[in-house]
Amino acid sequence: MKKILYSIAILFAAAATSCSEWDPVFANQGVPDPAAAVNMDSQVNTSIAALKALYTGKPYHIEDDIVISGKIISSDISGNIYRSVYIQDETGAIEVKIGSTGLYNDYKLGQTLYVKCEGLTLGNYGGMLQIGYSDPTGEYETAYIDVKSLIDSHVFRGAKGPEISPVEVSEAEVNAALKLGYKSPLFGKYVTLRNLTYANEIFVLIYMDSNADKKASSNRLFLSDKQWGVTTWAMSASKMKEYLVWGVWDTAQIGNSGDYNYGTVGDPANRTKLINNASAYSVSQYFRMTGGTEIQVRSSGYAKFSDSEIDPEILAGKKVDFTGILTNYNGAAQFTLVDIDGVQKH
């Protein structure tokens, strides 16, 4: 069961950005364009692929004068990407952990981004390489560059160009990428996957109380292995309450796999506690490629489209194409939508 695998993995990942919930992104419309772009092409001395090749299984602190560049392929305007931008060159793609929100105001799709990497750390989270600062806690391999002076000394905006077109990726290419893991140049790229069908399955980890110990079995509710009535891409706190009131999760058991000693959602005390502590949650909606390869389309509970109903025709088996960022989490293919326009049914 996926619940068994996830319950192990999430013990180490539940608080990390790429797998946890985040605060809402406020889209400030009408903000003027940032200062004039710079041209640092002459200083670029390393490709994204060459930078990523420096990682050999542990955090790599960059001491050399390495400068990379790439086109921005992500935006946080929909709220589904948080405190990061993805950039891509002809050799690959990487996540730059800029610790700020409303990034779309300063970093536009198609814009060139230069990163002076000296002093930064190259790290791995769940099979995805990231560039950021060293994490002083040692819990993760990278941390956010979240001080403005540090951002300004490492990240530079170049000229705005045309937006990058997605690369169409086959099922065979996805499976080959999964075998390579973080070494694959596909992960982090802007891609299109075609002809997927709904797998009638979700995964979400919900806490009885998000302020309590998130590793405690008594505080964890896994919804997995079937749909559990969740027909939205993700869920806000209000949508979570609706699902609880509807009773579609009543038989779900509280606890980690093999430790279901804490009753079910339908128990009055548990239901009341969950309603009182309702929060927004990311949801992985599973889809399958034509040969059966599973793709987890993971959406944030704070995304503008989180409570949008999935088209009933898609739920009924209508084929769908996805355009967005291809990612990897511990050997499973995940997919991040830049916005809901990345979903196109046939």
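Here the structure is a predicted model, which means the values were calculated and not measured.

Student: Describe the sheet that holds strand 2 (residues 67–72), with residues and values.
Tutor: Pairing in this open sheet of 8 strands is mixed, and the strands run 1-6-7-4-3-2-5-8 from one edge to the other. The open sheet has two free edges, formed respectively by strand 1 (60–61) and strand 8 (155–160), since each of these has just one partner strand. Relative to strand 8, strand 5 (residues 111–116) is paired through 4 bridges, and the arrangement is antiparallel. When the sheet's bridge partners are listed, Tyr114 is paired in strand 8 with Phe156.

Student: Got a sec to walk through the packing of aromatic side chains? Specific residues and values, please.
Tutor: Counted under the stated rule, the structure contains 11 aromatic pairs. Relative to Tyr182, the ring of Tyr55 has its centre 5.0 Å away and its plane inclined at 85°; by these criteria the two rings are edge-to-face. Taken together, the residues Tyr55 in the loop between helix 2 (48–52) and strand 1 and Tyr182 in the loop between helix 4 (171–180) and strand 10 (190–207) connect sequence positions 127 residues apart. Between Tyr243 and Trp249, the ring centres sit 5.6 Å apart and the planes meet at 25°, which makes this aromatic pair stacked. Of the two residues examined, Tyr243 and Trp249, each falls in the buried class. Here a set of aromatic residues connected by ring pairs shows up, and it is made of Tyr198, Trp233, Phe287, Phe322 and Phe335. Cation over ring: Arg83 sits above Tyr144, and NZ or CZ is 4.1 Å from the ring centre. Geometry around Tyr243 places Lys239 over its ring, the cationic atom sitting 5.9 Å from the centre.

Student: Residue-level account of unusual backbone geometry, with values.
Tutor: At Asn195, a residue that is not glycine, the phi angle is positive and equals roughly 65°. Here Asn195 is to be found in strand 10. Of note in the backbone geometry, Asn200 takes a positive phi value of approximately 60° without being a glycine. Note on placement: Asn200 falls in strand 10. In this structure Asn200 comes out as partly exposed when scored by relative accessible area, which is 45%.

Student: Kindly report on the pattern of salt bridges, identifying the contributing residues and their values.
Tutor: Using the criterion set out here, one finds 9 salt bridges in the structure. Note that Asp152 and Lys148 form a salt bridge whose closest N and O atoms lie 2.7 Å from each other. On the criterion of helical spacing, the pair formed by Asp152 and Lys148 is a turn pair, its members being 4 residues apart in helix 3 (residues 148–154). Judged by its relative accessible area of 39%, Asp152 falls in the partly exposed class.

Reading the values: the criteria
Residues numbered from 1 in each chain as written. Predicted model: local features only at pLDDT ≥ 70, side-chain atom pairs only at ≥ 80, totals over all residues. Heavy atoms only, no water. Pairing = 2+ DSSP bridges. Helix = DSSP H or I, 4+ residues; strand = E, 2+ residues; numbered from the N terminus. Phe/Tyr/Trp six-rings, centres within 6.5 Å; stacked < 30°, edge-to-face > 60°. Buried < 20%, exposed > 50% of the residue type's maximum accessible area, 1.4 Å probe, protein only. Lys NZ or Arg CZ within 6 Å of the ring centre and 35° of its normal. Salt bridge = Lys/Arg side-chain N within 4 Å of Asp/Glu carboxyl O.

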